[in-house]
Structures are given as C-alpha cells and as structure tokens.
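Chain by chain, the residues run as shown.
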Number of protein chains: 2
Amino acid sequence: MKLGPDISSTAALIGDPARANILTALISGCALTATELASEAGVTKQTTSSHLAKLVDGGFLSVEKQGRHKYYRLANHEIAALLESLANVAADIAPKRVRTGPKEPALRKARRCYDHLAGDIAVKMFDGFIAQGLIVNDRNSNQGFPTLTVKGTEFFDRFGIDIKNLKNQKRPICRSCLDWSVRRHHLAGGLGAALLSEFESRGWAKRSAKNRIIEFSQTGEQKLLAAFLL
Amino acid sequence: MKLGPDISSTAALIGDPARANILTALISGCALTATELASEAGVTKQTTSSHLAKLVDGGFLSVEKQGRHKYYRLANHEIAALLESLANVAADIAPKRVRTGPKEPALRKARRCYDHLAGDIAVKMFDGFIAQGLIVNDRNSNQGFPTLTVKGTEFFDRFGIDIKNLKNQKRPICRSCLDWSVRRHHLAGGLGAALLSEFESRGWAKRSAKNRIIEFSQTGEQKLLAAFLL
DNA sequence: TTCATAGTTCGACAATAGACGAACTGTGCT
DNA sequence: AGCACAGTTCGTCTATTGTCGAACTATGAA
C-alpha cells in the first residue's frame, strides 16, 4: 500500500533528543532564538545550529530574522498536532516522569512563555486590551505586529510601564504570540515582557524556577482583573 | 516545561525506514506475520525480528501467537492516529511520491488485507452476515472470535465453501479484523480467506500484483451483493 | 574603529544501531 | 522419526550522525 511518503524521515527528525527538546520548547507557540533553544536542548550552539537547519529544512520550523537574532517557531498547526499526538502516545508507553495531575491546570492558566505571560489569563488580558482599544491588531499594518494606540500608551504609562523607554528599544513593543493549546493569541514583545516583570515586582505573581508556571496570589489575580477591567 | 516523557525515543522508534514500513503495512488494522512484515519492510527475517521486538517493547504493536506463526498488529487507536498525523505532515513536506488521486477511492472500497477482503465492501459484508444471523459476534465467547452459526454453516456450504475442511484447520474460521481508516470490522480468518479466493475463482474479483487493490468486475459486484442480500 | 555577541561552517571523533550470515529453537506436517 | 518452515539469538561489520573545538561572518553597541 505504502501510504504517503517517507514517514520515517519525518519521524527521525523528531527522534533526536536535542531536536525533540527544541520542538517541545516551541510548542507553546512562542518564538525563541537559537541560543535560547540551545539551552533548552542542552547542547552547544554549533550543534543547535545544525539541528535548527535540519528542522527548518524539514518544514518543521519557520524562521524570522530580527536584527542579529533569529526567531524560530513551529511552522504550522499540523506540526503542533503531531507533537501532541506523539506526546500522547509517549505518555502511555513510558512511565510518566511528571505527574500530569494537579499541575497541568496551573500550566494552562498562567505560564511563562520566554519572558512574557501565556495561558488563559494572558489570552484574556490580550482580548481585553483590544476590546478596550488599548491595542489594535491589524495584520496588514505595522509589519503584522499589533499597534499600541494613544489611549493604550497613556493607560500603560499610568500603570507604571515606561513606554517611552520601550520605544527606544529595537524590539517591537507589541507582538502577538500564538498559544497552540488554545489556538488563541496573547501579548508578547517589549510590553508583554514589561507587564510580566511589573506583575512580579508588585508581588502579584511569582515565577517558578523549576517549570514554567507563573503563580498568581489570590489578591494579585484580583488586582490584575480589576486593573484591566476584565 | 518539558511536557510528557521522551517523545524523542517514541519518535525514533518510527524513525527507522524498516520499522516505518512495518507500521504503515499494519495501518490497515490487519494482523500480519513476522515474515510477511519482513517482505513489507524489505529486510531479512533476522533484522525484522529485532525491529518487531523493539516495536512490541515500545508498546506500538501487540502480538498473538498462533501455532508457529506470530501475528502482529497495531496496539491501539492512538498509535494509528499518530501514524496518520505523521503521514499528514510528511505529505506536506516531501514531494508526494504517489499521486493520491484516483487510486485512493478504489483502495477504500476493496483491498486485500493479508489473505482476505477489506474495505467498504468487506465491512458491508461483515455487517450483513451478522444481520442475517450467519455469524454472531460476541466478544465474551469463543475467545473473542466471531462464531459461525448453524444457519451460517449451511449458507456458506451452499455457497461453495467447504466449512468442514476449514474446521479441521488450526486457524480459526472467523476472525474480525479492524479497519483503522473506518473504525469498522470486517471478516478475516479461514472463512474470510476462503471467501476471497472463491470470489476470485468465480471471476468476480481480481487482485493486483502491484498494490492491494481488489478489483471487482461490475457483474461480479452485483452478484456478490445479490448472493449476500446486501 | 573596536569590541561583544548571535549564529554558521568545517573537521575530527566517537558512539550508536541497523544490516546480514550462520547457527539455534520450536512447531507442524507426513 | 524426519523434514520444512517460522522465528530468534549471536557476532561482526559498516555507515550514519550527533557532538564539540576552533575559526569564521554579521549585526549591533560604545
């Protein structure tokens, strides 16, 4: 019968531990740079470079050059679906390393994605920003990045974020970042990162060193919802 | 984050060409013996033996010993789903080797599965046999195999199948075989094989040497439907 | 300009694992 | 019993490929 082509070479691409680490790190849907991925994969930069080339060549990843950085992300939803399916099977087979019980919901709710906030809360925030006209998300302008409105600039300034400082940086202030697990966007970019660190310095949230969970205190979460009228 | 365990080793298991061939051969849901799989994989029996051991050990395949044969099949639906997902991605990436156009429907309709008939027609037949009380399919009796009823014995005898002869063989007369693509069962076992060869000797159907398609002549298909009141 | 850092290319090394020949066990058939 | 055949085990060979050190290019910052 021989359905489809070469499923073996495709599978082999995921079959290397370093590459698998890279891919799972990218499942969150965020773009990561080559060096970040190197540390995720646990190998040197040279090795990572070769792996990334193979993954891009194999259609698994897409690259975006930004200054001297290269941002890698999963190429499409099918890749993400494949990885999920694979994780599904792997979980059945191997003795599960991490208990998937109570921690999973926390991860869905709020987690760190590179340097900004992801998860249900982040999606809610992003939608709220747009609904309130703080940000406009027009794919056809501003290189596809979301744009901070005047109203938004005032709002975040009042909140304690130094927007003027962010504007001086090369990095785009706003970036939307796709969360594969829910197929929804949340806010990345300079503003996204600044917001997360602001939450931390106010004591609303705390990031874990071991995993990517961001733990909000009860009052912290309430204050966040109140501040952004969610 | 490190979701789930070891997706790399799981993927690596599919990442070998020989093993991938074995798995795709088994996607039809039929059980195949080690030597049959060896020819599918294009490697020797020894090599196949080692691959099969790894696949069973990895939870991909389940084995069933029958006399001096060992029948291998995919362990569960998740494996099949994973393989489909993989084929999906692989098709996007590599230039598709086989044109998936006109031939596919023929394959869905009627194909060879080991030595018996599979595909839409086979599923229809199987359902018809049960509806007419020729076979009863009780998972809790007869070791889980379908059972040929008295009525069924008479019917197939009249049709020209030597049931007494089949009963003398070690091989179970009836076996249900799951077709992953439609998640439905069809008839395998001694009777399934005997029926297919009967169809061929009557000139109703013809098997292809190149692929697994079974081609029914127009009158052959009509006669089949009439004979089994489908 | 000079320095730092992101990422790549090249070459060498080492480990893995897939392949087969040959010899073995076990089941079934006559 | 003797033969045939399904499947396995063992040992060896070979090819692949993942790894890193070192040297290179390119971008940005001082």
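Provided above is the structure to which this section pertains.
All of the points below concern the structure found in this document. (Residues numbered from 1 in each chain as written. Chains lettered and ligands numbered in written order. Predicted model: local features only at pLDDT ≥ 70, side-chain atom pairs only at ≥ 80, totals over all residues. Heavy atoms only, no water.)

Remarks on the overall build of chain A
To be explicit about the condition: Comment: elements are numbered from the N terminus, with helices defined as DSSP H or I runs of at least four residues and strands as E runs of at least two. Under the scheme applied here, a residue whose accessible area is under 20% of the maximum for its type counts as buried, over 50% as exposed, and between as partly exposed, the area being computed with a 1.4 Å probe on protein chains only. Only heavy atoms matter for contacts: two residues are in contact if any of them lie within 4.5 Å across the pair.
Counting its regular elements, chain A contains eleven helices and eleven strands. A burial count over chain A gives 48% of its 230 residues as buried. Look at the contacts in chain A between residues 6 or more apart in sequence, and 55% of them connect residues 24 or more apart.

A word on the protein's contact with DNA strand D
Where we set the bar: Note on definitions. A residue lies near a molecule or strand when any single heavy atom of the residue is within 4 Å of it. The definition of a polar contact used here is a pair of N or O atoms within 3.5 Å, where within protein one atom must be able to donate a hydrogen and the other to accept one, and adjacent residues in sequence count solely through side-chain atom pairs. For this scheme, ten residues count as nonpolar: Ala, Val, Leu, Ile, Met, Phe, Trp, Tyr, Cys and Pro. Four count as charged, namely Asp, Glu, Lys and Arg, and the remainder, Gly too, count as polar.
Near DNA strand D lie 22 residues; those nearest to it are Q46, H51 and K54 of chain A together with T35 and S49 of chain B. Among all atoms of DNA strand D positioned within 4 Å of the protein, those belonging to sugar or phosphate total 71%. A distance of 3.5 Å is found between a sugar or linking oxygen of DNA strand D and a side-chain nitrogen or oxygen belonging to D16 of chain A. At a separation of 3.4 Å, a phosphate oxygen of DNA strand D approaches a polar backbone atom of A34 of chain B. When contributions to the surface near DNA strand D are tallied by element, the ones reaching two or more residues are α2 (17-26) and α4 (45-57) of chain A together with α3 (34-41), α4 (45-57) and β3 (69-74) of chain B. With four residues, the single largest contributor to the surface near DNA strand D is α4 of chain A. A per-class count over the surface near DNA strand D returns four nonpolar, ten polar and eight charged.

Observations concerning helix α1 (residues 7-14) of chain B
Of all eight residues making up α1 of chain B, six are buried, and the element is well covered by its neighbours. Of the positions making up α1 of chain B, those classed as buried are I7, S8, T10, A11, L13 and I14 of chain B.

Here's the deal with the sheet that holds strand β1 (residues 32-33) of chain A
All names here are of chain A. For clarity, the threshold we go by: By this definition, two strands are paired if DSSP reports at least two bridges between them. Axis angles are defined between N-to-C directions and span 0 to 180 degrees, where every axis is a line fitted to C-alpha atoms and, for a helix, only to the segment in contact.
Pairing is antiparallel in the open sheet, where three strands are placed in the order β1-β3-β2. In this open sheet, the two strands that pair with only one neighbour each are β1 and β2 (61-66). Each of β1, β2 and β3 (69-74) touches α2; the most contacted strand, β3, lies at about 85 degrees to it.

Some points on the packing of aromatic side chains
Residue and element names in this part refer to chain B. Formally: Each Phe, Tyr or Trp ring (for Trp, its six-membered ring) is paired with any other whose centre lies within 6.5 Å, and the angle between the two planes then decides the class: stacked below 30 degrees, edge-to-face above 60, tilted in between.
Under the criterion given, the structure shown has 20 aromatic pairs over all chains. Between F129 and F228, the ring centres sit 5.1 Å apart and the planes meet at 85 degrees, which makes this aromatic pair edge-to-face. Taken as a pair, F129 in helix α7 (residues 120-131) and F228 in the segment after α11 (218-227) lie far apart in primary sequence, 99 residues in all. Their ring planes at 55 degrees and their centres at 6.2 Å tell us that F199 and F228 sit as a pair that is tilted.

Quick word on the pattern of salt bridges
Residues and elements named next belong to chain B. As a reminder, the rule being used: We count a salt bridge whenever a side-chain nitrogen from Lys or Arg sits within 4 Å of a carboxyl oxygen from Asp or Glu.
Tallied over the full model, the rule gives ten salt bridges over all chains. E198 is the partner of R202 in a salt bridge, and the nearest nitrogen-oxygen pair spans 2.8 Å. R202 sits in the partly exposed class, given a relative accessible area of 36%.

Structural notes on the environment of A131 of chain B
Take A131 of chain B: it is sitting in helix α7. As for A131 of chain B and L230 of chain B, which are separated by 99 residues in sequence, their C-alpha atoms are 10.0 Å apart.

A word on the protein's contact with DNA strand C
Around DNA strand C lies a shell of 22 residues, among which T35 and S49 of chain A together with Q46, H51 and K54 of chain B are the nearest. Here, DNA strand C places atoms within 4 Å of the protein, and 65% of those atoms are sugar or phosphate. Between R19 of chain B and DNA strand C, the recorded distance is 3.3 Å, taken from a side-chain N or O atom to a phosphate oxygen. Q46 of chain B is positioned such that a nitrogen or oxygen atom in its side chain is 2.4 Å from a base nitrogen of DNA strand C. Among the secondary structure elements, those contributing two or more residues to the surface near DNA strand C are α3 (34-41), α4 and β3 of chain A together with α2 (17-26) and α4 of chain B. Looking at the surface near DNA strand C, the element that brings in the most residues is α4 of chain B, giving four residues. Within the surface near DNA strand C, the residues separate by chemical class into four nonpolar, ten polar and eight charged.

Description of the packing of α3 of chain A against α4 of chain A
Residue and element names in this part refer to chain A. The test is simple: With respect to orientation, any angle under 35 degrees is reported as roughly parallel, any angle over 145 as roughly antiparallel, any angle of 65 to 115 as roughly perpendicular, and every other angle as oblique.
Look at α3 against α4: their axes get within 9 Å of each other, and the N-to-C directions meet at 105 degrees. Here α4 runs roughly perpendicular to α3, going by the angle between their axes. Across the interface between the two elements, A34, T35, L37 and A38 from α3 touch K45, T48 and L52 from α4. The class makeup of the residues in the contact of α3 with α4 is four nonpolar, two polar and one charged.

Details of the side chain of T153 of chain A
Residue and element names in this part refer to chain A. Inspection of the secondary structure assignment puts T153 in helix α8 (residues 150-159). Judged by its relative accessible area of 17%, T153 is buried. Dropping the residues within four chain positions of it, T153 is found in contact with L148, I163 and K167.

Observations regarding the sheet that holds strand β2 (residues 61-66) of chain B
Residues and elements named next belong to chain B. Here three strands make up an open sheet; going across it, the order is β1-β3-β2 and the pairing antiparallel. The open sheet has two free edges, formed respectively by β1 (32-33) and β2, since each of these has just one partner strand. Sheet topology note: the β2/β3 ladder contains six bridges and is antiparallel. Bridging across to β3, K65 finds its partner in K70. Each of β1, β2 and β3 touches α2; the most contacted strand, β3, lies at about 85 degrees to it.

A closer look at the nonpolar core
Counted only if it meets this: Side-chain atoms within 4.5 Å are what join buried Ala, Val, Leu, Ile, Met, Phe, Trp, Tyr and Cys residues into a set we call a nonpolar core.
Ranked by internal contacts, the top residues of the largest apolar core, which has 54 residues, are I14, F60, L61 and L74 of chain A together with I14, L61 and L74 of chain B. The contact partners of I14 of chain B, leaving out residues within four places of it in the chain, are I7, S8 and A11 of chain A together with A20, L23, F60, L82, L83 and L86 of chain B.

Regarding the environment of K167 of chain B
Residues and elements named next belong to chain B. Position of K167 relative to the elements: it lies in helix α9 (residues 163-168). With a relative accessible area of 51%, K167 lands in the exposed category. Sequence-wise, K167 and L191 are 24 residues apart; in three dimensions their C-alpha atoms are separated by 9.7 Å. Once residues within four sequence positions are removed from consideration, K167 is found in contact with T153 and I173.

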